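Here is what each chain is made of, one letter per residue.
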Amino acid sequence: MIGELFINGFRVDLDDRIPFPLTFNISDIKDVSSRKGNNSKTITLPATKDNYKLMRSVFSLTETEGAVITDMSFDTTLKAEAKYYYNGLLEFNGIAQLMECKLNGGVWTFDITLVSDTIDYISKLAKVKINELDWSEYNHALTFANQQNSWNGIIQQNGSPATIYSSPNWTGTGYYYGLIDYGFSRPAPATFGVEHIPPQIFIYEILKKAFDYVGISWESSFLETQRFKKLLLAFQGGDLPTITSSQANNDSSKTDEINNAAGKIIEATSQDYGSNGIAFLPNISVSDDYDCTVTQDISSQVQTASPLKFIAGSDGLYKINYKGDHDIDFTFTAPNVSGGYFTYGNYEVKMLIYKNNSEIVNEQVYAGNIQGLSANTSVTFTFDYNRIINLAITDEVSIKILYNLTDVNVVGTGLHGLAKVFTEIESSGATLDILRETQTLFAGATLNVGQFLPDMDCSTFFKGIITAFNLYVKPKTTDNSIMEIEPLSDFYNASGDALDWTYKLDNSKEIKVTPTINMSAKNYVFKFADDKDYFNVRYTEDIEKQYGAFNVDSQNQYAIKDNVMKLPFSQKLLIKIPLTATTFTDLIVPRQFQIKFKEDGSSEVVKQKGKPFIVQLGKMHSGAWSHRSETGSISSESEYPYVGHLDDLNSPSFDFNFGLPDFVYWQTGVYTTNNLYSYHEKFIKEIISRYGKLISCHLRLSPEDINKLDLKNLINIDGVVYRLQKIKDYDSGKGVSTSVELIRIIEGEGIQTTQVSPAYNPYDDINARFTEDDYIRETEDGTMRLIDN
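Basis of the calculations
- Residues numbered from 1 in each chain as written.
- Predicted model: local features only at pLDDT ≥ 70, side-chain atom pairs only at ≥ 80, totals over all residues.
- Heavy atoms only, no water.
- Patch = residues over 30% accessible without salt bridge, like charges linked within 9 Å, V, L, I, M, F, W, Y side chains within 5 Å.
- Areas by Shrake-Rupley, 256 points an atom, 1.4 Å probe, with all protein chains shown as cover.
- Salt bridge = Lys/Arg side-chain N within 4 Å of Asp/Glu carboxyl O.
- Helix = DSSP H or I, 4+ residues; strand = E, 2+ residues; numbered from the N terminus.
- Expected span 1.5 Å × (residues − 1).
- Buried < 20%, exposed > 50% of the residue type's maximum accessible area, 1.4 Å probe, protein only.
- Pairing = 2+ DSSP bridges.
- Axes fitted to C-alpha atoms, helices over the stretch in contact; angles between N-to-C directions.
- Contact = heavy atoms within 4.5 Å.
- pLDDT = per-residue confidence, 0-100.
- Polar contact = N/O pair within 3.5 Å; in protein donor to acceptor, adjacent residues only side chain to side chain.
- Parallel < 35°, antiparallel > 145°, perpendicular 65-115°, else oblique.
- Left-handed = near helix turned anticlockwise from the far one by under 90°.

This part takes up a nonpolar patch on the surface. Residues Phe-342, Tyr-344 and Val-411 make up a contiguous nonpolar surface patch of about 240 Å² in total accessible area. With respect to the helices and strands, Phe-342 occurs in strand E28 (residues 341-355).

Laid out in structure tokens, this is it:
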């Protein structure tokens, strides 16, 4: 029996004397927010000829930028796929990270660590922000018709109507115009012009675009539910983005691509010796700095043209537009053939975009294949590539063009000797422009949807969703580009299907039972990102805790630290909009603004940019209001498009809060106790219960067990059912039992049962403070509709 490790498809040499320990995790009982992937300890690869070839570009001090990278060369900037087999059975599927190259006694060795592929996807998601994803298909005119159509599930997509709702289900794609009060100066408290209602973007669509960007997908019952598909990411408030076409043009730079002194942008050779009629040539990757002449640079943002270095002169979204023609010439050589020969392979040209010297984009511009060619061949590619990037002032952008040639083989009767494929790429009229995105925001103008999304990277966004719903994410066993995603509460298979591992228990080794309370935190704190809008501050001051937060006291008298699970999203209170100092409209909406105090003691409602926040799409809710069109006409409405942390105001069934509010700012006698904490409760109780037990023991696990390992399966030992927490330092080569941690299952009871009863009425509270009583609000027509008493 032997172990075999493959990195990027090539078998590397292992030292049989060195252990190969693997650890398989689902989470850390001490940190319930942790989702640790599988990993290995550091493994030292010995100094062999093949290992030298693999690592040469890393440890060689003579390798230079732009050198040809063959398929037998480790690129530390790219994911290196790793698979470990024992006796032909796959035991680990992930990525290999090179830690160090060590020279000792004139001999190099190489330390590597294997980690779960999920970790690599998270790092890729961190390189792109959600407003950098391509939202151009949803750009549309800011009009009365488009807003009202969204309430019926019809939006504009690529300039044409698209349906995103078929009763009773929403697709979770595109945008929606829910009613939120951002403190804009409006004609009247119950009147909203089209320019006062920014769009919200579906969470499902954001996550899908993020996954598409890094080349993964999901299998998930939960993500396909209406609960998830009706979540929306709302505009965070403040001034609406307005960038005129003149401003955009002033902040844009345009260039023409130029070839190098030899008249090419890429020259690459793949060659190797063949025999018996066939030659397999190595994969190659060759990159070239983008060199250009500048045709427009009004704001002097191009620091150098060869290579291009662009320094942003203003914050915002920029589009990289690379278009034109490339002429590709292939020259084939096949020696000593008695007849014809044929060459096969695949090639692609990619764009690498670097922000502040860190790669943020690695995408294909065009691709093709060589299909049985023997004569030298020329191909012209016409391309038009676009990518949106988010830049802050002084951010530096540089660009490389990357050529990959893969899966090349030359076949011919009698072929033996050195076969070769030589590639030259010449730019023919190609241009690259860095264009500031416009957002001329006024009623009737074209609205750029991406401008309403926050400056948040996709990794932070995804991890926020994971934390909110206590999701477990793992690559699918048969395809690690597919993520299996479910709430941990739904992740496990039924107890009746638990695997019986009683016979695997090694009774010769110590069995340790640890009360889980010994590992608990003092408090488990579930909260949102802090925000400073008026109502969040007011609630926190009055109640001395955050709106929507929840705290679980473990009652562990030995614990001193809290375990805080904090979302990157804030929460917005639902407030009934006042009409006068003592009367109200029918509109109960999230309200996001601040109060500005003046020197004379008066105050006014002002716009405020806050943190991103999530709302649920609810039903059209009864309430009289007026909707002003882009032409100024007023439409009287009897229902408004409700969105908020509750899924419904009249009969709520789910609350996007962790805890029950102490009171609410509208009249209600019904409030749901089903909220985000329900996704966490079972596992918190297993930790803090007096009956909670962590079992540490040794099991005789076989390569077949590891090959079929699925952490969804519960484990039955002597009739007691456990969750598999960790398999620690499993080494199939040792033939000994492995340390395992198991959590005894304790089913949690129902969560909070407290109702908001009686419904809070601020006019019955002599200590209540009112925005509408204490502050002045001027509307567009200059009428004081909220006055100081």
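There's plenty left to go through after this.
This next bit is on helix H4 (residues 203-214). Taking 1.5 Å as the rise per residue, H4 with twelve residues should run 16 Å; its terminal C-alpha atoms sit 17 Å apart, in good agreement. With respect to burial, H4 is a largely interior element, ten of its twelve residues being buried. For H4, the set of buried residues is Ile-203, Tyr-204, Glu-205, Ile-206, Leu-207, Lys-209, Ala-210, Phe-211, Tyr-213 and Val-214. Among the residues trailing H4, Gly-215 stands out with phi positive, at a value near 80°.

Quick look at the sheet that holds strand E34 (residues 471-476) now. With respect to topology, three strands assemble into an open sheet ordered E18-E35-E34, the strand pairing being mixed. The sheet is open, and its two edges are formed by strand E18 (217-219) and E34, each paired on a single side. For this sheet, the mean angle separating the axes of adjacent strands, direction not counted, is 35°. Across three bridges, the pairing between E18 and strand E35 (residues 479-487) is parallel.

The next thing to look at is the environment of Ser-285. Mapped onto the secondary structure, Ser-285 falls in strand E23 (residues 284-289). Take Ser-285: its relative accessible area is 21%, and that puts it in the partly exposed class. In the structure, Ser-285 is positioned 16 residues away from Thr-269 in sequence and 9.8 Å away in space, judged by C-alpha atoms.

What follows is about the side chain of Asp-731. Within the secondary structure layout, Asp-731 lies in the loop between strand E49 (720-730) and strand E50 (738-744). With residues up to four places along the chain from it excluded, the contact list for Asp-731 reads Pro-19, Phe-20 and Pro-21.

Our focus in this paragraph is the confidence of the model for the chain. Scored by pLDDT, the chain comes out at a mean of 86, with 89% of its residues at no less than 70. Per-residue pLDDT stays below 50 along residues 61-65; that stretch engages in three contacts with residues further than four places along the chain or on separate chains. A low-confidence stretch, residues 748-760 stays under pLDDT 50, and its non-local contacts, those more than four residues away or across chains, total 37 contacts.

Along an α-helix, residues three or four positions apart point the same way, because every turn accommodates 3.6 residues. With twelve residues, helix H7 (residues 458-469) should reach 16 Å at 1.5 Å per residue; the first-to-last C-alpha distance of 17 Å fits that figure. Cys-458, Ser-459, Phe-461, Phe-462, Gly-464, Ile-465, Ile-466, Thr-467, Ala-468 and Phe-469 are the residues of H7 that are buried. Sitting at the head of H7, Asp-457 places a side-chain oxygen 3.0 Å from the backbone nitrogen of Ser-459.

This part covers the packing of H4 against H7. In contact at an axis separation of 11 Å, H4 and H7 are set at 130° when each is read in the N-to-C sense. Between H4 and H7, the interaxial angle falls into the category oblique. Helix-helix and strand crossings are classified by hand; for H4 and H7 the assignment is left-handed. Within the contact between the two elements, H4 uses Ile-203, Ile-206, Leu-207, Ala-210 and Phe-211 and H7 uses Cys-458, Phe-461, Phe-462 and Ile-465.

Let's shift gears to the sheet that holds strand E39 (residues 550-553). Read from one edge of the open sheet, three strands run E39-E38-E40, paired in mixed fashion. Every other strand in the sheet has two partners, leaving E39 and strand E40 (563-566) as the edge strands with one partner each. Neighbour-to-neighbour, the strand axes of this sheet turn through a mean angle of 10°, independent of strand direction. Sheet contacts for helix H10 (residues 681-688): strand E38 (523-527) and E39; angle to E38, the most-contacted strand, approximately 165°.

Close approach of charged atoms allows side chains with opposite charge to pair. One pass over the full model with this rule turns up 30 salt bridges. Its salt-bridge partner being Lys-527, residue Asp-530 comes within 3.8 Å of it at the nearest N-O pair. The partner of Arg-723 in a salt bridge is Glu-686, with the nearest N and O atoms 2.8 Å apart. One end of the pair, Arg-723, is in strand E49; the other, Glu-686, is in helix H10, with 37 residues separating them in the sequence. You'll find Arg-723 and Glu-686 in the same group, each marked buried. Connected via shared salt-bridge partners are Glu-4, Arg-11 and Asp-13.

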